[in-house]
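These are the residues of each chain, in order.
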Amino acid sequence: MKHVTYTSIEGTSIGYWALLAVLGAIMGLAAISFYTMEHYGHYISGMNNQIVWGMPHVFAIFLIVAASGALNVASIASVFGKKIYKPLGRLSALLSLALLAGGLAVLLLDLGRPDRLIVAMTYYNFKSIFAWNIILYNGFFLIVGIYIWTMMERRMNKHTRIAGTAAFIWRLILTTGTGSIFGFLVARQGYDAAIMAPMFIVMSFSFGLAVFMLVLMALYSWTDRQLGDAVFNRLKNLLGVFVAAVLYFLLAFHLTNLYATEHHGVEAFILMNGGIFTQIFWIGAVVLGGLVPLTIFYSPMGQSRTMVALGAILVILGGFALVYTIVIGGQAYPLELFPGKEVISSSFYDGAFNSYTPSIYELGLGIGGIALTLAAVAFATKIMPFLPESLADADVDPHHKTA
Amino acid sequence: MSGNDKKHDSSRRDFISKAAGMVAVAPGVMLYSTAQAHVGDSVKITGEGASCENRWGMLINTNKCAADCDDCVKACHTENGVGTNDRPLTDPQWIRKVELKDKQTGKTTNLPVMCQHCEKPPCVDVCPTGASMKRADGIVLVDKHICIGCRYCMMACPYKARSFVHEEVTDQMEHAPRGKGTVEACTMCVHRVDAGRTTACAEACSKAGHDAIVFGNLNDPNSEVSKQLREHQSTQIRADLGLNTGVRYRGL
């Protein structure tokens, strides 16, 4: 294996500036969405007193979960000593920070009082998992920032393993915290399950790696760098394992729920008769986001980069579908206040199945978070050397044999 | 430095710290006296904080609650300035009337539902900033000054008791501050309770001749609510959660 040379991308082409312009325009629209929603109030959004968290939370949770997962590639090299992943470490850590920034921006800008960020940073209720998450997110920026420093500064290289291990442990705690936001909601039929925490960790592995692969492919294709099969196929196979693991957790989660009679209602709602939520779960999360990518990755179709890219896109779309069924589906199912009773009338929609139609403002804000993530990566890779000049097999594969 | 110098130095420090303290405290005192001066006549300030010797609560007798009456809802919303914008999905509701039918027996029940003022409130547990809080006397409130509008409390509340203020509010009551972008709920008419009065809903129910809502101090064995709770079987909504609610129901 040769010495790896990292360089920044040139970033002078029309394509580069066009990309930044498009991402900037999307962020501008997101800013308008944010301003409109804050100015008029949330009533113009699709959210209400029944569906309390909506599309912004779907985007934010997806991005935050993917953020910790994107760091995995770096962790495999630094913590578990797999040398072939080492050249990818810098990009992996950068992408994780960018995804987290995108997700948190969406979450923050959806608050009823985003102007009170300073309150959120200075008033802590330590019994709240949300408060812990604020600390975990801030810590993640700091620790991964140091981790990147140890990777990029030659004199600091000897500390990479320690920093990488700290970042790995921190990210596991962080995603446990994200999953626990739902796991700790004892009153809601769709949540209140300890399995939420590990399930979110496995979801993060899958979503984060899918995003990483697409960003890697785009960067290497657009900058005419070589991306060899040795690296690429390993990533593809690993993504397949993660996708299968998510399906396994979904199976365990729903089977466990189905065993308890009190959960039959919510399970029937998600799995059988929940209308759009059932469709999004089965078609979106399970088939398109799980079974189809698995088929692509582990069949001869997996030899085609285009098909693998399609598979990764499906994993991401399926991930959004899954987060949607968890966040929105869990709220659409009514709170069970009066077991054994039927609600004849209520002015506040007791016992009613709630519907949700996202507004353009929520979608605008959410997509703005993605644009922020991508713009941050495009900008950072231009100003600092995050990318290996080549990921060709001969350059990175320790077992590569020249013909 | 001689001993004398030290003495001077420390007294100078004392002076500076005291002066700084006064500068810091003075505006607070000013604000406090201004606030006192503007308190309306209807509110009597006792000068005492909430005491854990009291636990305010209610007993709602569903057998007395009439199907076609929503006087408690009207009274609450008038008392606290909770208006409507004719958008039922987003308009706040501090209290609501619910009609139930037993799936097995067909028996119907009417009852008002509001914040149940739990002893162990999930909304307080999950609130990241501590804006959701419980007073020593058991009343659960939202501090509108530090609520960031994240709505996690609404996700956590088992009773759907909380509302998010989805749009600008006007004609607020002096004693019930509200604000766009924050979460709110029944305050158990804390301003009345602190002045030694009963809640608006209980008062309206009595005025309508139903007497279905009895408000009082659960910690006082001689209060009407305690007596009735001792004499009659009552229940809590979602008693399985073990939250020890301050609002109890009869005939549910």
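Not measured: the values here are computed from a predicted model.

Asker: Would you mind going over the overall build of chain A in detail, with residue names and values included?
Answerer: Check the secondary structure of chain A and you find 14 helices and 3 strands. Counting only C-alpha atoms, chain A reaches 75 × 45 × 40 Å along its principal axes. When burial is assessed residue by residue, chain A has 58% of its 403 residues classed as buried. For chain A, contacts bridging at least 24 residues in sequence account for 78% of all contacts bridging at least 6. Accessible area for chain A stands at about 16700 Å²; split by element, carbon and sulfur atoms hold 69% of it. Counting 21 positive and 18 negative side-chain charges, chain A places the centres of these two groups 14 Å from one another.

Asker: Please set out a nonpolar patch on the surface residue by residue, giving values where relevant.
Answerer: All names here are of chain A. Among the surface-exposed residues, Trp282, Ile283, Val287, Leu288 and Leu291 lie close enough to one another that they form a single nonpolar patch of about 420 Å² accessible area. Structurally, Val287 is set in helix α11 (residues 276-297). Judged by relative accessible area, Val287 falls into the partly exposed class, the value being 34%.

Asker: Describe the packing of aromatic side chains, with residues and values.
Answerer: This model, assessed by the stated rule, comprises 23 aromatic pairs over all chains. Taking the centre distance of 5.5 Å and the plane angle of 20 degrees together, the rings of Trp53 of chain A and Tyr152 of chain B count as stacked. Remark: Tyr152 of chain B occurs in helix α4 (residues 152-156) and Trp53 of chain A occurs in the loop between α1 (14-40) and α2 (55-70); the pair is interchain, linking two chains. Taking relative accessible area as the criterion, Trp53 of chain A reaches 2% and is therefore assigned buried. The class of Tyr152 of chain B is buried, set by a relative accessible area of 0%. A centroid spacing of 5.7 Å and a plane angle of 85 degrees characterise the contact between Tyr248 of chain A and Phe249 of chain A, whose relative ring orientation is edge-to-face.

Asker: Summarise the sheet that holds strand β3 (residues 108-114) of chain B; cite the residues concerned and give the values.
Answerer: Taken together, the 3 strands give an open sheet; going across it, the order is β2(A)-β2(B)-β3(B), and neighbouring strands pair in antiparallel fashion. The sheet terminates laterally at β2 (341-346) of chain A together with β3 of chain B, the two strands that pair on one side only. Direction aside, the axes of adjacent strands within the sheet are offset by 35 degrees on average. Pairing between β2 of chain A and strand β2 (residues 95-102) of chain B: 5 bridges, direction antiparallel. Across the sheet, residue Ser345 of chain A finds its bridge partner in β2 of chain B, namely Glu99 of chain B. Contacts from helix α2 (residues 71-79) of chain B reach β2 and β3 of chain B, with the element oriented near 160 degrees to β2 of chain B.

Asker: How would you summarise the pairing of β3 of chain B if you had to cite specific residues and measurements?
Answerer: Residues in a regular strand point their side chains to alternate faces of the sheet. Residues and elements named next belong to chain B. Counting buried residues in β3 gives 6 out of 7 residues, a clear majority hidden from the surface. Pairing of β2 with β3 involves 7 bridges; the strand directions are antiparallel. Each bridged residue has a counterpart across the sheet, and for Ile95 the counterpart in β3 is Met114.

Asker: Quick rundown of the pairing of strand β8 (residues 213-217) of chain B? Include the residues and the values.
Answerer: All names here are of chain B. Burial analysis of β8 places 5 of its 5 residues in the buried class, which makes it a mostly covered element. Here strand β1 (residues 56-61) runs beside β8; their pairing, made up of 5 bridges, is antiparallel. Residue pairing across strands places Trp56 opposite Asn217, the latter belonging to β8.

Asker: Describe helix α4 (residues 89-110) of chain A, listing the residues and the values that go with them.
Answerer: With 22 residues, α4 of chain A extends 32 Å from end C-alpha to end C-alpha; this agrees with the ideal 32 Å at 1.5 Å per step. Judged by how many residues are buried, α4 of chain A sits mostly within the fold: 18 of 22 residues are covered.

Asker: Requested: an account of the pattern of salt bridges, with residues and values cited.
Answerer: The tally for this structure, following the rule as stated, stands at 16 salt bridges over all chains. Two residues, Arg155 of chain A and Glu153 of chain A, come together in a salt bridge whose shortest N-O distance is 3.0 Å. Overall, Arg155 of chain A belongs to the exposed group, its relative accessible area being 64%. Residue Arg305 of chain A pairs with Asp229 of chain A through a salt bridge whose shortest N-O separation is 2.8 Å. Of the two residues, Arg305 of chain A sits in helix α12 (residues 305-332) while Asp229 of chain A sits in helix α9 (residues 229-259), which places them 76 residues apart along the sequence. According to the relative accessible area criterion, Arg305 of chain A is partly exposed, its value standing at 29%. Shared partners join several salt bridges into a network, and the residues in it are Glu79, Arg192 and Glu203 of chain B.

Asker: How would you summarise the interface of chain A and chain B if you had to cite specific residues and measurements?
Answerer: On the chain B side, the residues contacting the 54 residues of chain A number 53 residues. When chain A packs against chain B, the two sides together hide about 4800 Å² of surface, and 57% of this comes from carbon and sulfur. In this structure, the connection of chain A to chain B is made through 4 salt bridges. The residue Asp350 of chain A makes a salt bridge to Arg96 of chain B at a minimum N-O spacing of 2.5 Å. Linking chain A with chain B are 38 residue pairs in polar contact (both at pLDDT 80 or more), by the criterion used here. Contributions of two or more residues to the side of chain A that touches chain B are made by α1, α5 (117-122), α6 (129-152), α7 (160-183) and β2 of chain A. Looking at the side of chain A that touches chain B, the element that brings in the most residues is β2 of chain A, giving 6 residues. Taken together, the residues that form the side of chain A that touches chain B break down as 27 nonpolar, 17 polar and 10 charged.

Asker: Give a description of the side chain of Thr175 of chain A that names residues and reports values.
Answerer: Mapped onto the elements, Thr175 of chain A comes out in helix α7. There is a polar contact of 2.8 Å between the side chain of Thr175 of chain A and the side chain of Ser68 of chain A.

Asker: Summarise the sheet that holds β8 of chain B; cite the residues concerned and give the values.
Answerer: Residues and elements named next belong to chain B. Strand order in the open sheet made by the 3 strands is β8-β1-β9, with mixed pairing throughout. Whereas interior strands pair on both sides, the edge strands pair on one side only; in this sheet they are β8 and β9 (247-250). The sheet shows a mean angle of 20 degrees between the axes of neighbouring strands, taken without regard to direction. Pairing geometry for β1 and β9, over 4 bridges, is parallel. Residue pairing in the sheet places Met58 in a bridge with Val247 of β9.

Asker: Please set out the packing of α4 of chain A against α6 of chain A residue by residue, giving values where relevant.
Answerer: Residues and elements named next belong to chain A. Direction vectors running N to C along α4 and α6 enclose 160 degrees, while the axes themselves pass 10 Å from each other. Judged by the angle between their axes, α4 and α6 are roughly antiparallel. Crossing angle aside, the handedness with which α4 passes α6 is left-handed. Facing Gly89, Arg90, Ala93, Leu94, Ser96, Leu97, Leu100, Ala101 and Leu104 of α4, the residues of α6 in contact are Tyr137, Phe140, Phe141, Val144, Gly145, Tyr147, Ile148, Met151 and Met152.

Asker: Give a description of the packing of α4 of chain A against helix α8 (residues 196-222) of chain A that names residues and reports values.
Answerer: Describing two packed helices takes the angle between their axes plus the distance from one axis to the other. All names here are of chain A. Packing of α4 against α8 leaves a shortest axis separation of 11 Å and a crossing angle of 115 degrees. The chirality of how α4 crosses α8 is right-handed. Of the residues in α8, those in contact with Leu91, Ser92, Leu95 and Leu99 of α4 are Val211, Phe212, Val215, Leu216 and Leu219. Within the contact of α4 with α8, the residues separate by chemical class into 8 nonpolar, 1 polar and no charged.

Cut-offs and rules
- In this numbering scheme, every chain counts its residues from 1 along its sequence in written order.
- Starting at A for chains and at 1 for ligands, labels are handed out in the order in which the entities are written.
- pLDDT decides what is reported in this predicted model: residues at 70 or higher carry local features, side-chain atom pairs at 80 or more are listed and counted, and totals for whole chains, interfaces and linings draw on all residues regardless.
- Hydrogens and water molecules were not included; the side-chain quantities draw on all heavy atoms of the structure.
- Each helix is a run of H or I in the DSSP string that is no shorter than four residues. Each strand is a run of E no shorter than two, and both are numbered from the N terminus.
- Only protein chains enter the area calculation, which uses a 1.4 Å probe; residues under 20% of their type maximum are buried, those over 50% are exposed, and those in between are partly exposed.
- Here a residue-residue contact requires only that any non-hydrogen atoms of the pair lie within 4.5 Å.
- Surface exposure here means Shrake-Rupley accessible area, sampled with a 1.4 Å probe, where a residue is shielded only by the protein chains that are shown.
- Positive charges come from Lys and Arg alone, negative charges from Asp and Glu alone, with His and the N- and C-terminal ends not counted.
- Note that the charge is assigned to NZ on lysines, CZ on arginines, CG on aspartates and CD on glutamates.
- Residues enter a patch when their relative accessible area is above 30% and they make no salt bridge; the linking distance is 9 Å between like charges and 5 Å between nonpolar side chains (Val, Leu, Ile, Met, Phe, Trp, Tyr).
- Whenever Lys or Arg places a side-chain nitrogen within 4 Å of a carboxyl oxygen from Asp or Glu, that contact is recorded as a salt bridge.
- Any two rings among Phe, Tyr and Trp, with Trp reduced to its six-membered ring, count as a pair given centres within 6.5 Å; such a pair is stacked if its planes are under 30 degrees apart, edge-to-face if over 60, and tilted if neither.
- Two strands qualify as a pair provided DSSP detects at least 2 bridges between them.
- Axis angles are defined between N-to-C directions and span 0 to 180 degrees, where every axis is a line fitted to C-alpha atoms and, for a helix, only to the segment in contact.
- For a helix, the expected span equals 1.5 Å multiplied by the number of residues minus one.
- Accessible area that two parts lose when put together, evaluated with a 1.4 Å probe and summed over both, is termed the buried area.
- Each polar contact in these results corresponds to two N or O atoms within 3.5 Å; when the atoms are within protein, one needs to be able to donate a hydrogen and the other to accept it, and residues that are neighboring in sequence are counted only if both atoms are side-chain atoms.
- By the convention adopted, Pro, Cys, Tyr, Trp, Phe, Met, Ile, Leu, Val and Ala count as nonpolar, Lys, Arg, Asp and Glu as charged, and the other residues, Gly among them, as polar.
- Here the angle decides the label: under 35 degrees means roughly parallel, over 145 means roughly antiparallel, 65 to 115 means roughly perpendicular, and every other value means oblique.
- Crossings are classed by handedness, with left-handed meaning an anticlockwise turn of the near helix from the far one by less than a right angle and right-handed meaning a clockwise turn.

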